[in-house]
Amino acid sequence: MSISKEMRSDIEERYKRNLERPRIVVGLGTCGIAAGGNKVMDAIKAEVAKKGLDVDVDFTSCIGMCFAEPVVEMALPGRASVVYGGVGPENVVQLIESHMVQKTPVAEQAQIQILGGAEAYEGIPAMEKSEYYEQQVRSVTWRLGRTNPERIEDYIATGGYEGIQKALTMDRIAIIDEIKKSGLRGRGGGGFPTGTKWQFVHDAVGDKKYIVCNADEGDPGAFMDRSVLEGDPHAVLEGMMIAAYAIGADEGVIYCRAEYPLAIRRLNMAIKVAEEMGIMGENIMGSGFNFKVRIKAGAGAFVCGEETALLNSIEGQRGMPRVRPPFPAHKGLWQKPTCLNNVETFANVPNIIRKGGDWFSSMGTEKSKGSKVFCITGKINHTGLCEVPMGMTLRDLVYNIAGGIKDGKKFKAVQSGGPSGGCLPTEKLDLSIDYESLGQAGAIMGSGGLVFMDEDSCMLDIAKYFLNFTQMESCGKCTPCREGTKRMLETLERICEGNGVPEDIDNLERLAKVIKTSALCALGQTAPNPVLTTLKYFRDEYEAHINEKRCPAGVCPELLNYTILADKCIGCGVCIKACPTGAISGEKKAVHVIDPTKCVKCGACVPKCKFDAIAKA
Amino acid sequence: MAGCACTGEKVDSPQDLQLMDLLGHYRGYDGSLIPVLQGVQEIYGYLPAEVLEKVSQELKIPFSKVFGVVTFYAQFHLKPRGRNIIRVCLGTACHVLGNAKVFDRLKDILGVDNGGTTDDLRFTLESVACIGACGLAPCIMINDDTHGRLTVDGLEDILAQYA
């Protein structure tokens, strides 16, 4: 079966009609659910039923505004739809009454309005003009928060499966050439040109070939793949189908981490309905092309995000990387030629085939084309998911999209690329976000996690955190990674405890170099990056820890001392109660004192003091 | 458990029947070990030693290899687990926003350490590298529910939702 013109226009027609009805849509991605979206949904349904309103209640995935979750969209016929943030079950009644019944939006709680050709409301920023979205492009993520990911009709009505339909009429090499022309590069972090990879697998000799989607998103601070899988599962499937057709594969595997149950559920639903509709399976759209896909749930090993470890894991082995060459393009899954791409890479493919490689390459820089989805988290005002054209500066991202640093504090660093990446300082804020610039600065593009830090973050603590992570997740196959990361971590821990010696810096650098050049896979090769970049840009902090036994950011507990300021303490006794170890003493209305031998430096007293009388240094 | 300890006789408990189904479903498939182990854990809540031996025989995979795979992946457990699994995210964003304090408080409330299970098998407490809800940091996951923007004071109310 195929999707005929009539069928498509019929589905589009129905989709448009639904959009013209009064609607309330709740954001139910993992983030929305975590923030209480389901309770909001229940409250809305109850209120709509109680009032007997003729209103459709629906759900969508994550629109990207994590900072505003739970997010609810309300729309009346002919008017723009308004996206409300921070909606709790308690303000549902008032929102529905005001917006849906009185037809007056609650401007104070509105985040944005989405015009879509309808009449706008006064006093609410339009999506394209809002602080969060103005500099974004919505290319891979555009269905997120706009369509219902569990309805294939929503996907088809918005151009879905047009890519594969077009691809099936094209020559295989022409598809690969179109991808090459687009300049698309691997979005999982490596940045390898996708078209070239497809070409390798296409050219490889084999009676059977596989397509594998790497959805083992494991970098701390990264959740774009989860958002895409939850919000647009069909796009990933379509991308895989196009790739399969181009390289000559008939079987695909999605390796998704088990920690993403909602993503797995929505993918399973998508596969099932696509098979039922004949979009996937045997003789797809009458072309003679067969394709089936299954999901393999990960079992909790970060290293399985590395492509060869992932393949071993699919085969039922321990997820340890293989020695390359041979590369997966020649000997991958079950020793057959295998094309492995990341979720976001596949999700880009249908658009490229539909709109052409030139459309995609018109965005971005000379060598990094298109857009990239980032997860922006940490000490910023707008945490969430954003998609920006390659080449945007970090400064624009921090101060425009992310809304600046929380509580008016100073930007100190941004960590890009997770455990494989690095920390970039204020001086690098004007860096363009693309594979080359980030790589030259010592960080990497990585999968797209950006964690922002303010002046209260200790760079050694961050480096230690990442090393601890890689050290724990090191699979143990090769010595440089297994032993080297452990030794580096021990050195860092010693420094943070105040037992560092000046040679430590040289030793860290030397060890880092050895690991980088000799580890078997990318996990090990990039593990020293957090240490190397912090050493490069924040060397003074290392020196302060080692030479002055001082943590400038006031984070490392062993190097901290809490004292009560005599001129501010009024002797109220609140801190005495807050102290878990009984280290604080003092008569009522007399200045209290902390006994440094009993203090465990937990900091529990600081927020309890209303007079800012407890200082740490 | 597969088999009754007091008599040594094999008893076909509903779990054992499910196990037979599972093994029947995957027998002969390449690369079935991990899905089978995931299924076993789903059935029994953990991976009992005698069931692993059975898996090894049925799938014709050496026990040493089965054990190697089990101990490699963080998801597999050789000891019984609580009915509710609390996973405390120690991701970067959670780390920066102080999830260590949430973790400490949970340890206090439950009286167990990282990886421990309460005596009544109600909760198992563990840490996880990152659950990918960084926008809501600090956060924890209980079973499949993510709880975000936590404060130390709100934890008892959250735990009360899980029997």
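**Comments concerning the overall build of chain B**
So, step 1. Looking only at helices and strands, one finds seven helices and four strands in chain B.
So, step 2. Helices and strands appear in chain B in the N-to-C order α-α-α-α-β-α-α-β-β-β-α.
So, step 3. Along the longest, intermediate and shortest principal axes, the C-alpha atoms of chain B span 50 × 35 × 25 Å.
So, step 4. The buried share of chain B, taken over its 163 residues, is 50%.
So, step 5. For chain B, contacts bridging at least 24 residues in sequence account for 57% of all contacts bridging at least 6.
So, step 6. Of the roughly 7,900 Å² of accessible surface on chain B, 51% is carried by carbon and sulfur atoms.
So, step 7. If the 14 positive side-chain charges of chain B are averaged to one point and the 20 negative ones to another, these points end up 4 Å apart.

**Description of the domain arrangement of chain A**
All names here are of chain A.
So, step 1. What the domain assignment reports for chain A is domain 1 (5-129), domain 2 (152-360), domain 3 (371-457), domain 4 (460-547) and domain 5 (561-616).
So, step 2. On a C-alpha basis, the centroid separation for the pair domain 1 and domain 2 is 32 Å.
So, step 3. Listed by partner, the interface residues are 13 residues for domain 1 and 17 residues for domain 2.
So, step 4. Of the roughly 1,200 Å² buried between domain 1 and domain 2 on both sides combined, carbon and sulfur atoms contribute 59%.

**Looking at the nonpolar core**
So, step 1. Judged by nonpolar contacts, the single largest core of 85 residues is most densely connected at Tyr-161, Ile-175, Trp-198, Ile-211, Leu-237, Ile-279 and Phe-291 of chain A.
So, step 2. The contact partners of Trp-198 of chain A, leaving out residues within four places of it in the chain, are Ile-175, Ile-176, Ile-179, Ile-242, Ala-243, Ala-246, Ile-247, Cys-339, Asn-341 and Val-349 of chain A.
So, step 3. Counting 66 residues, the second largest nonpolar core, distinct from the first, contains Tyr-255 of chain A together with Leu-47, Val-55 and Val-70 of chain B.

**Observations regarding the sheet that holds strand β2 (residues 123-128) of chain B**
Residue and element names in this part refer to chain B.
So, step 1. Pairing is mixed in the open sheet, where four strands are placed in the order β2-β1-β3-β4. Of all strands in the sheet, those bounded by a partner on one side alone are β2 and β4 (145-147). Each strand of the sheet is rotated relative to its neighbour by a mean of 25 degrees, with strand direction disregarded.
So, step 2. Pairing analysis gives six bridges linking strand β1 (residues 84-89) to β2, with the strands arranged parallel.

**Remarks on the side chain of Thr-118 of chain B**
Residues and elements named next belong to chain B.
So, step 1. If you trace the backbone, Thr-118 turns up in the loop between α6 (99-110) and β2.
So, step 2. The exposure class of Thr-118 is buried, given its relative accessible area of 9%.
So, step 3. Every residue in contact with Thr-118, bar those within four places of it in the chain, is listed here: Leu-110, Val-112 and Phe-123.

**A few points about the packing of helix α1 (residues 14-26) of chain B against helix α3 (residues 49-59) of chain B**
Residues and elements named next belong to chain B.
So, step 1. Packing of α1 against α3 leaves a shortest axis separation of 11 Å and a crossing angle of 30 degrees. In terms of orientation, α1 and α3 fall into the roughly parallel class. Relative to α3, the crossing made by α1 is right-handed. Contacts between α1 and α3 involve Leu-19, Met-20 and Leu-23 from the former and Val-51, Lys-54, Val-55, Glu-58 and Leu-59 from the latter.
So, step 2. For the contact of α1 with α3, the class distribution of residues is six nonpolar, no polar and two charged.

**Here we look at the interface of chain B and chain A**
Interface extent is often summarised as the accessible area lost during association of the parts.
So, step 1. Chain B puts 36 residues into the contact, and the matching count from chain A is 49 residues.
So, step 2. For the pair chain B and chain A, the summed buried surface comes to about 3,100 Å²; carbon and sulfur atoms form 61% of the total.
So, step 3. When residues of chain B are sorted by the area they lose upon contact with chain A, Phe-72, Tyr-73 and Thr-92 of chain B head the list and together hold 19% of the total.
So, step 4. Taken together, the links from chain B to chain A amount to zero salt bridges.
So, step 5. In this assembly, chain B and chain A are joined by 12 residue pairs in polar contact (both at pLDDT 80 or more).
So, step 6. The set of elements that each furnish at least two residues to the side of chain B that touches chain A consists of α2 (33-44), α4 (63-72), α5 (92-96) and β4 of chain B.
So, step 7. Across the side of chain B that touches chain A, the residue classes tally to 18 nonpolar, 12 polar and six charged.

**Re the packing of helix α17 (residues 459-473) of chain A against helix α21 (residues 529-537) of chain A**
Residue and element names in this part refer to chain A.
So, step 1. At their nearest, the axes of α17 and α21 sit 8 Å apart, and the two run at 165 degrees to each other. What the angle tells us is that α17 and α21 run roughly antiparallel. Considering the relative orientation of α17 and α21, their crossing is left-handed. Packed against α17, whose contacting residues are Met-459, Ala-463, Phe-466 and Leu-467, the element α21 presents Pro-530, Val-531 and Thr-534 at the interface.
So, step 2. When its residues are assigned to classes, the contact of α17 with α21 shows six nonpolar, one polar and no charged.

**Here's the deal with the packing of aromatic side chains**
So, step 1. In total, this model carries 13 aromatic pairs over all chains according to the counting rule given.
So, step 2. Ring geometry for Phe-192 of chain A and Phe-200 of chain A: centres 6.3 Å apart, planes at 40 degrees, overall tilted.
So, step 3. Accessibility expressed as a relative area gives 39% for Phe-192 of chain A, which makes it partly exposed.
So, step 4. Consider the rings of Tyr-465 of chain A and Phe-466 of chain A, whose centres lie 5.1 Å apart with planes at 75 degrees: the pair is edge-to-face.
So, step 5. Owing to a relative accessible area of 10%, Tyr-465 of chain A belongs among the buried residues under this scheme.
So, step 6. By the ring-pair criterion, three or more aromatic residues cluster together here, those being Phe-67, Tyr-132 and Tyr-133 of chain A.
So, step 7. The lysine or arginine in question, Lys-372 of chain A, covers the ring of Phe-374 of chain A, its NZ or CZ lying 5.7 Å from the ring centre.
So, step 8. A cation over a ring is seen here: Lys-107 of chain B above Phe-103 of chain B, with NZ or CZ 4.3 Å from the ring centre.

**Here's the deal with the side chain of Asp-232 of chain A**
Residue and element names in this part refer to chain A.
So, step 1. Position of Asp-232 among the secondary structure elements: in the loop between α9 (224-231) and α10 (233-247).
So, step 2. At 3.0 Å, the side chain of Asp-232 forms a polar contact with the side chain of Arg-143.
So, step 3. Setting aside residues no more than four positions away along its own chain, Asp-232 makes contact with Val-140, Arg-143, Leu-144, Tyr-155 and Ser-227.

**Remarks on the pattern of salt bridges**
Between side chains of opposite charge, a pair can form as their charged atoms come close.
Residues and elements named next belong to chain A.
So, step 1. Within this structure, the stated rule accounts for 45 salt bridges over all chains.
So, step 2. Between Arg-266 and Glu-150 there is a salt bridge whose closest N-O contact spans 3.0 Å. One end of the pair, Arg-266, is in helix α11 (residues 261-276); the other, Glu-150, is in the loop between β5 (110-114) and α5 (152-157), and 116 residues separate them in sequence.
So, step 3. Given a relative accessible area of 3%, Arg-266 falls into the buried group.
So, step 4. Of the residues examined, Glu-150 reaches a relative accessible area of 26% and is grouped as partly exposed.
So, step 5. The salt bridge partner of Lys-208 is Glu-251, with a shortest N-O separation of 2.8 Å. Pair noted here: Lys-208 is in the loop between α8 (194-203) and β6 (210-215) and Glu-251 is in strand β7 (residues 251-256), with a separation of 43 residues, a long-range link.
So, step 6. On the basis of relative accessibility, which here comes to 22%, the residue Lys-208 falls in the partly exposed class.
So, step 7. When salt bridges with common partners are traced through the structure, they connect Arg-482, Glu-483, Arg-487 and Glu-490 into a single cluster.

**Comments concerning α10 of chain A**
All names here are of chain A.
So, step 1. For α10, spanning 15 residues, the distance from its first C-alpha to its last is 22 Å, which sits close to the expected 21 Å at 1.5 Å a residue.
So, step 2. With 15 of 15 residues buried, α10 lies mostly within the body of the structure.
So, step 3. One or two positions beyond α10, positive phi appears at Gly-248, with a value near 90 degrees.

Cut-offs and rules
- Residues numbered from 1 in each chain as written.
- Chains lettered and ligands numbered in written order.
- Predicted model: local features only at pLDDT ≥ 70, side-chain atom pairs only at ≥ 80, totals over all residues.
- Heavy atoms only, no water.
- Helix = DSSP H or I, 4+ residues; strand = E, 2+ residues; numbered from the N terminus.
- Buried < 20%, exposed > 50% of the residue type's maximum accessible area, 1.4 Å probe, protein only.
- Contact = heavy atoms within 4.5 Å.
- Areas by Shrake-Rupley, 256 points an atom, 1.4 Å probe, with all protein chains shown as cover.
- Lys, Arg positive; Asp, Glu negative; His and termini not counted.
- Charge placed at Lys NZ, Arg CZ, Asp CG, Glu CD.
- Domains from an automatic or database assignment.
- Buried area = accessible area lost by both parts, 1.4 Å probe.
- Core = buried A, V, L, I, M, F, W, Y, C linked by side-chain atoms within 4.5 Å.
- Pairing = 2+ DSSP bridges.
- Axes fitted to C-alpha atoms, helices over the stretch in contact; angles between N-to-C directions.
- Parallel < 35°, antiparallel > 145°, perpendicular 65-115°, else oblique.
- Left-handed = near helix turned anticlockwise from the far one by under 90°.
- Nonpolar A, V, L, I, M, F, W, Y, C, P; charged D, E, K, R; others polar.
- Salt bridge = Lys/Arg side-chain N within 4 Å of Asp/Glu carboxyl O.
- Polar contact = N/O pair within 3.5 Å; in protein donor to acceptor, adjacent residues only side chain to side chain.
- Phe/Tyr/Trp six-rings, centres within 6.5 Å; stacked < 30°, edge-to-face > 60°.
- Lys NZ or Arg CZ within 6 Å of the ring centre and 35° of its normal.
- Expected span 1.5 Å × (residues − 1).

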